[in-house]
Amino acid sequence: MILIMGVSLYTSRVVLEILGIEDFGIYNVVGGIVVMASFLSSSMSSAIQRFLSFELGKNNLVELGRVFSMSVNIHIIIAILVLILSETFGLWFVNNKLTIPENRIYAANIVYQFSILTFLVNIISVPYNAAILAYEKMNIFAYIGVVEVGLKLLSVFALMWFGYDKLALYAIFLFLIALLIRGLYGLYVNRSIPDCKHAFFWDKKLFKTLINFAGWNLWGNLAVVTYTQGINILLNIFFGPFINAARAIAFQVNSALNSFISNFQIALKPQIIKSYASGDNEYMQTLIFGGAKYSFFLMLLLCAPIILSTPQVLSWWLGTVPDYTILFCRLVLVESLINSISGTLMAGVQASGKIKLYQGIVGGLLLLILPISYAFLQMGYPPETTLYVSISVGVLALVARLIIVSSILRFSKKLFIKRVIIPIVLISGIMISVGITLTEILDGSISRFLIANTIITFAIIFLIWFVGLNKMERNFVVKKISNSFFYKRG
């Protein structure tokens, strides 16, 4: 993940340099139109992984194979529906509603078409990815992830060698990479997970079960996609593609850092589902509480130095920093810190299968972000207002998640607050004070940058050790380090 993060950030810089700020913004807003349809596959992905992990927890391999085959069939149907929607309403929206310079309309349409193809390939990949996750083959994601970012880096350098429109060519390269990665995932599943062999058949009852579960996931994912890509479109309409470029850079920084948390929580999710299926509620609660707390601490370790030194980091990384990028970057990272607490809570409620109330309320809250943001932009507020709205609603959504999930899984809200929220709030409050003090010594020089970030990193580690971890957790860490040390010496 460290290698992937470094290559991804470097690739983003080179893409920005080669495409330019305007084309970079166009790519992100046009490609975002297709991403809006991703809530369909995201909803199914959660449903498939839940049912595959659940059947593994019960050791019912026959039903597991049926779930996998049925999920592939469903995704073929979803791909057809997305293609129809994208080539009708989506195509009309790109050419009639987005703010795109007239001389870039042709390139934008090429980007849109290849973004559709890329998305269709990714839809078909969903059941195969879910199978790998259910079997907890996390190393495969690491290997294929390294291959993917390496190919993306090569494709960026290849843009310098061809005279064709670089914006359009970039979209074509990403489609070809997606096609290859899809083939690698499919090849691994077919060869290494014999229980997940696709067969064309139709089971009406299983279809209904998967769709009912996915339907409420659909609502939640629709809310997330609506406020992320919807805000991107709003900013394009109100401020043009240059603001989209600034927002895209901020979200790429966030995506690179957040990949650590995502993969940490991906590793926990199958264990949470399997422990629920086997009736081991105590272990499930330990995973939910610990996962929420450790996710935040890991994200804080990654985000704090970036938030502290955003102007210097972006200047060294990009050279020319588009307007609003620094503020966008800081606010997006703050939002991710808040959201990092929720991952294991969501995994817990999905394990139970009782997602109707959860998705209904949380999805409803997240959907409010878009109309509230639109209202503020209509009144003349600046673009960063959209992120302030998103952060505020994110806090409310976290509270709602805790109330609902604790009721469904029957664990104590007070215990979650005591073990997770209070340590997080204490450490965050101290780090804000330390960060404000350290900003005074930053002057753009590398030496002061290193000193300030070394101080804040060690301060976070110190606080996590003495405030964030209890005695049992500290003993566990010491034991693991000792075992690893003596194992290597032996």
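Residues numbered from 1 in each chain as written. Predicted model: local features only at pLDDT ≥ 70, side-chain atom pairs only at ≥ 80, totals over all residues. Heavy atoms only, no water.

Novice: Sorry, what's going on with the overall build of the chain here?
Specialist: Counting its secondary structure elements, the chain contains 18 helices and 0 strands. Taken over the C-alpha trace, the chain has a radius of gyration of 23 Å; the compact-globule value for 490 residues is 23 Å, and the two agree within 12%. Each principal axis of the C-alpha distribution contributes one length, and for the chain these read about 65 × 60 × 55 Å. Out of the 490 residues belonging to the chain, those deemed buried represent 51%. In the chain, the proportion of contacts linking residues at least 24 apart, taken out of those at least 6 apart, comes to 84%. Carbon together with sulfur atoms contributes 67% to the accessible area of the chain, which is approximately 22300 Å² in total. With 35 positive and 20 negative side-chain charges, the chain shows a spacing of 13 Å between the two charge centroids. (Helix = DSSP H or I, 4+ residues; strand = E, 2+ residues; numbered from the N terminus. Rg over C-alpha atoms; globule rule 2.2 N^0.38 Å. Buried < 20%, exposed > 50% of the residue type's maximum accessible area, 1.4 Å probe, protein only. Contact = heavy atoms within 4.5 Å. Areas by Shrake-Rupley, 256 points an atom, 1.4 Å probe, with all protein chains shown as cover. Lys, Arg positive; Asp, Glu negative; His and termini not counted. Charge placed at Lys NZ, Arg CZ, Asp CG, Glu CD.)

Novice: Explain the pattern of salt bridges here, please?
Specialist: Proximity of charged atoms lets side chains of opposite charge pair with each other. Counting across every chain of the model gives 5 salt bridges. For Asp203, the salt bridge is made with Arg66, and the minimal N-O distance between the two is 2.1 Å. On the criterion of sequence distance, the pair formed by Asp203 in the loop between helix 6 (166-192) and helix 7 (204-239) and Arg66 in helix 3 (residues 61-96) is long-range, its members being 137 residues apart. Judged by its relative accessible area of 16%, Asp203 is buried. Here Glu473 and Lys293 are joined by a salt bridge, their closest N and O atoms 3.0 Å apart. With Glu473 in helix 18 (residues 471-489) and Lys293 in helix 9 (residues 281-308), this residue pair connects regions lying 180 residues apart in the sequence. Of the two residues, Glu473 and Lys293, neither departs from the other in class, the shared state being buried. Through salt bridges with shared partners, a single network forms among Glu63, Arg66 and Asp203. (Salt bridge = Lys/Arg side-chain N within 4 Å of Asp/Glu carboxyl O.)

Novice: Any chance you could explain helix 8 (residues 241-277) here in plain terms?
Specialist: Note: α-helices contain 3.6 residues per turn, so residues at a spacing of three or four share the same orientation. At Asn258, helix 8 shows its largest kink, close to 35 degrees. At the exit of helix 8 stands Gly279, carrying a positive phi of roughly 85 degrees. (Bend = angle between axes of the 7 residues up to and from the residue.)

Novice: When you look at the nonpolar core in this model, what are you seeing that I'm missing?
Specialist: Nonpolar side chains tend toward joint burial in soluble globular proteins. Counting residues in hydrophobic clusters, the biggest one holds 142 residues, and the most contacted among them are Val30, Leu52 and Phe416. If you tally residues by element for this core, the top one is helix 4 (residues 105-134), at 15 residues. With sequence-adjacent residues up to four places away left out, Phe416 is seen in contact with Phe289, Ala292, Ile341, Leu345, Leu402, Phe411 and Ile421. (Core = buried A, V, L, I, M, F, W, Y, C linked by side-chain atoms within 4.5 Å.)

Novice: How should I be thinking about the environment of Phe251 in this particular structure?
Specialist: Tracing the backbone shows Phe251 in helix 8. On the basis of relative accessible area, Phe251 is assigned to the partly exposed category, the value being 24%. Sequence-wise, Phe251 and Ile26 are 225 residues apart; in three dimensions their C-alpha atoms are separated by 15 Å.

Novice: Which parts of the structure should I look at to understand helix 15 (residues 385-409)?
Specialist: Here helix 15 contains 25 residues, and its C-alpha end-to-end distance of 36 Å stays within 8% of the 36 Å for a straight helix at 1.5 Å per residue. Counting buried residues in helix 15 gives 18 out of 25 residues, a clear majority hidden from the surface. Residue Arg410 follows helix 15 closely and has a positive phi angle near 60 degrees. (Expected span 1.5 Å × (residues − 1).)

Novice: Looking at this structure, I do not really get unusual backbone geometry. What am I missing?
Specialist: Across residues other than glycine, the phi torsion is negative in most instances, and most of the peptide bonds are trans. Not every positive phi belongs to a glycine, and Tyr324 is a case in point at roughly 75 degrees. On the secondary structure map, Tyr324 appears in the loop between helix 10 (310-318) and helix 11 (325-339).

Novice: I'm lost on the side chain of Ser71 in this one. Help?
Specialist: Position of Ser71 relative to the elements: it lies in helix 3. By relative accessible area, which is 0% here, Ser71 ends up buried. Among the polar contacts made by the side chain of Ser71, one reaches the main-chain carbonyl oxygen of Phe68 at a distance of 2.5 Å. Those residues in contact with Ser71 that sit more than four places away from it in its chain are Ile48 and Pro127. (Polar contact = N/O pair within 3.5 Å; in protein donor to acceptor, adjacent residues only side chain to side chain.)

Novice: Quick question: what am I supposed to make of the packing of aromatic side chains here?
Specialist: Note on aromatic pairs: each is described by the distance of the centres and the angle between the planes. Per the stated rule, a full pass over the model turns up 15 aromatic pairs. Centre to centre, the rings of Phe89 and Phe93 are 6.0 Å apart; their planes meet at 40 degrees, and the pair counts as tilted. Residue Phe89 and its partner Phe93 are both found in helix 3; the two are separated by 4 residues, about one turn of the helix. Judged by its relative accessible area of 17%, Phe93 falls in the buried class. Look at Phe238 and Tyr374: their rings are 6.0 Å apart centre to centre, the planes differ by 65 degrees, and that puts the pair in the edge-to-face class. Within this pair, whereas Phe238 is found in helix 7, its partner Tyr374 is found in helix 14 (residues 369-378), the two being separated by 136 residues in sequence. Three or more aromatic residues joined by ring pairs make a cluster, and in this case those are Phe89, Trp92 and Phe93. Across the ring face of Tyr128, the terminal group of Arg182 is positioned such that the distance to the ring centre comes to 4.4 Å. (Phe/Tyr/Trp six-rings, centres within 6.5 Å; stacked < 30°, edge-to-face > 60°. Lys NZ or Arg CZ within 6 Å of the ring centre and 35° of its normal.)

Novice: What is the right way to read the environment of Ile455 from this model?
Specialist: Mapped onto the secondary structure, Ile455 falls in helix 17 (residues 446-468). Its relative accessible area of 42% is what places Ile455 among the partly exposed residues. Taking C-alpha positions, Ile455 is 8.6 Å from Leu438, a pair spaced 17 residues apart along the chain.

Novice: For this particular structure, what's the right way to read a nonpolar patch on the surface?
Specialist: Residues Ile417, Ile422, Leu426, Phe462, Phe466 and Val467 make up a contiguous nonpolar surface patch of about 540 Å² in total accessible area. At the level of secondary structure, the elements contributing two or more residues to the nonpolar patch comprise helix 16 (413-438) and helix 17. Within the element layout of this structure, Ile417 appears in helix 16. (Patch = residues over 30% accessible without salt bridge, like charges linked within 9 Å, V, L, I, M, F, W, Y side chains within 5 Å.)

Novice: I would appreciate a short explanation of the packing of helix 12 (residues 343-352) against helix 15 in the present structure.
Specialist: Axes are the key here: two packed helices are described by the angle between their axes and the distance separating the axes. For the pair helix 12 and helix 15, the least separation of the axes is 10 Å and the interaxial angle reads 35 degrees. Here helix 12 runs over helix 15; the crossing is left-handed. Between helix 12, through Leu345, Met346, Gly348, Val349 and Ser352, and helix 15, the contact on the second element is made entirely by Leu398, Arg401, Leu402, Val405, Ile408 and Leu409. Its residues assigned to classes, the contact of helix 12 with helix 15 shows 8 nonpolar, 2 polar and 1 charged. (Axes fitted to C-alpha atoms, helices over the stretch in contact; angles between N-to-C directions. Left-handed = near helix turned anticlockwise from the far one by under 90°. Nonpolar A, V, L, I, M, F, W, Y, C, P; charged D, E, K, R; others polar.)

Novice: Where do I start with the packing of helix 9 against helix 11 in this structure?
Specialist: Where helix 9 meets helix 11, the axes come as close as 10 Å, and the angle between the chain directions of the two elements is 170 degrees. Comparing their axes, helix 11 and helix 9 come out roughly antiparallel. Contacts from Phe296, Met299, Leu300, Cys303, Ile306, Ile307 and Leu308 in helix 9 reach Cys329, Arg330, Leu333, Val334, Ser336 and Leu337 in helix 11. Considering only residue class, the contact of helix 9 with helix 11 consists of 11 nonpolar, 1 polar and 1 charged. (Parallel < 35°, antiparallel > 145°, perpendicular 65-115°, else oblique.)

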